[in-house]
Amino acid sequence: MNIILLGPPGAGKGTQSAGLVERHGMRQLSTGDMLRAAVKAGTPVGLRAKEVMERGELVSDEIVSDLIDAELAAMAPETGAIFDGYPRTVAQAEALDAILAKHGRKLDHVIELAVDEDALVARITGRFSCANCGALYHDTAHPPATPGVCDVCGGTEFKRRPDDNEETVRMRMQEYRAKTAPILPFYEARGIVSRVDGMGSIEAVAQAIDAILRG
Ligand code: AMP
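Residues numbered from 1 in each chain as written. Predicted model: local features only at pLDDT ≥ 70, side-chain atom pairs only at ≥ 80, totals over all residues. Heavy atoms only, no water.

### A word on the sheet that holds strand β6 (residues 136-138)
Consideration 1: Read across the sheet, three strands follow the order β6-β5-β7 without closing on themselves; strand pairing throughout is antiparallel. The sheet is open, and its two edges are formed by β6 and β7 (158-159), each paired on a single side.
Consideration 2: Bridging between strand β5 (residues 127-130) and β6 involves three bridges; their strand directions are antiparallel. Counted as the bridge partner of S129 is L136 from β6. (Pairing = 2+ DSSP bridges. Helix = DSSP H or I, 4+ residues; strand = E, 2+ residues; numbered from the N terminus.)

### Overview of the packing of aromatic side chains
How two aromatic rings sit relative to each other is set out by the distance from centre to centre and by the angle between their planes.
Consideration 1: Summed over the entire model, instances satisfying the criterion amount to five aromatic pairs.
Consideration 2: For the ring pair F128 and F158, a centre distance of 5.5 Å and an interplane angle of 80 degrees mean the geometry is edge-to-face. Note that F128 is positioned in strand β5 and F158 in strand β7, a separation of 30 residues in sequence.
Consideration 3: Accessibility expressed as a relative area gives 25% for F158, which makes it partly exposed.
Consideration 4: Linked through ring pairs, F128, Y137 and F158 together constitute an aromatic cluster. (Phe/Tyr/Trp six-rings, centres within 6.5 Å; stacked < 30°, edge-to-face > 60°. Buried < 20%, exposed > 50% of the residue type's maximum accessible area, 1.4 Å probe, protein only.)

### Points about the site of the ligand
Consideration 1: As a structural note, the neighbourhood of the ligand is formed by 16 residues, with T31, R36, E57, G85 and Q92 the closest of them.
Consideration 2: T31 is positioned such that a nitrogen or oxygen atom in its side chain is 2.8 Å from a nitrogen atom of the ligand.
Consideration 3: Separating an oxygen atom of the ligand from a side-chain N or O atom of R161 is a distance of 3.1 Å.
Consideration 4: Bound to the protein, the ligand loses 97% of the 480 Å² it would expose on its own. (Near = heavy atom within 4 Å. Polar contact = N/O pair within 3.5 Å; in protein donor to acceptor, adjacent residues only side chain to side chain. Areas by Shrake-Rupley, 256 points an atom, 1.4 Å probe, with all protein chains shown as cover.)

### Here's the deal with the sheet that holds strand β4 (residues 109-114)
Consideration 1: Read across the sheet, five strands follow the order β2-β3-β1-β4-β8 without closing on themselves; strand pairing throughout is parallel. At either margin of the open sheet sits one strand with a lone partner, and together these are β2 (27-30) and β8 (193-197). Going across the sheet, the axis of each strand differs from the next one's by a mean of 25 degrees, ignoring polarity.
Consideration 2: Relative to strand β3 (residues 81-84), strand β1 (residues 2-6) is paired through four bridges, and the arrangement is parallel. Bridge assignment links N2 to a residue of β3, and that residue is A81. (Axes fitted to C-alpha atoms, helices over the stretch in contact; angles between N-to-C directions.)

### Quick look at unusual backbone geometry
Consideration 1: Each neighbour pair has its own omega, and for Y86 with P87 the value is -5 degrees, a cis peptide bond.
Consideration 2: Relative to the assigned elements, P87 resides in the loop between β3 and α5 (90-102).

### Focus on the environment of M1
Consideration 1: One can find M1 in the segment before β1.
Consideration 2: Assessed through its relative accessible area of 43%, M1 is described here as partly exposed.
Consideration 3: Sequence spacing of M1 and E78 is 77 residues, and the spatial spacing of their C-alpha atoms is 8.3 Å.
Consideration 4: Look past the residues within four positions of M1 in its chain and what remains in contact with it is M26, G80, A81, D108, H109 and L213. (Contact = heavy atoms within 4.5 Å.)

### Some words on the pattern of salt bridges
Consideration 1: Scanning all chains against the criterion turns up 19 salt bridges.
Consideration 2: In this structure, R190 and D97 form a salt bridge, with 2.6 Å as the shortest nitrogen-oxygen distance. Placement of R190 in the loop between α8 (183-188) and β8 and of D97 in helix α5 is noted, with a sequence separation of 93 residues between them.
Consideration 3: For R190, a relative accessible area of 40% corresponds to the partly exposed category.
Consideration 4: The network of salt bridges with shared partners includes R127, R161, D163, D164 and R172. (Salt bridge = Lys/Arg side-chain N within 4 Å of Asp/Glu carboxyl O.)

Purely spatial values, then, with no claim about function.
Put into structure tokens, the structure is as follows:
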């Protein structure tokens, strides 16, 4: 099973991907996570991507499609892929078709997480993660049970993404509306798009996604 989770920043793609990995043993392929790792490691890709990401703009189609191609090449063919934050342009969607064909895979579902954009800014600017294990939290919606201590690993260091500030979030949403939303018709023509109300609880959204996967 190969699926795309589509939706504006803060729609819950990362959270839902983590759930799918846990429930179904799928693999999350997040170009955002890959790029942040490249920035942290100071690789040539990271050096090219850093400032673009800090502005909330999109990095080049070629960079992200190469990252996805390399990840799929290293994956067992029977492991399902969740594309999270990719494709983000029509050119990337076309590249993904070619990459999937090359690796003997096909796309089963495109799941759009539909969300109220005004609520997204609050969602995104409140989010943070454990610096040790990566567990995801939110200032108001999902703080750790003991303030300052990670529920999962007991870590006490937390971090926020540098692009999770209001100005950059607005730019990321604009990029989504202008460049990413237009890929929906590309997949709608194939009859593989489903919409889920992304404003529901994490559990409700997860159940709706599982119902789609069961067909
Ligand atoms: P994300 O973690 O998916 O919100 O991505 C964070 C940032 O990484 C985005 O604002 C872009 O600058 C960059 N990025 C991630 N995925 C892509 C992609 N598929 N195409 C272009 N830029 C991307």
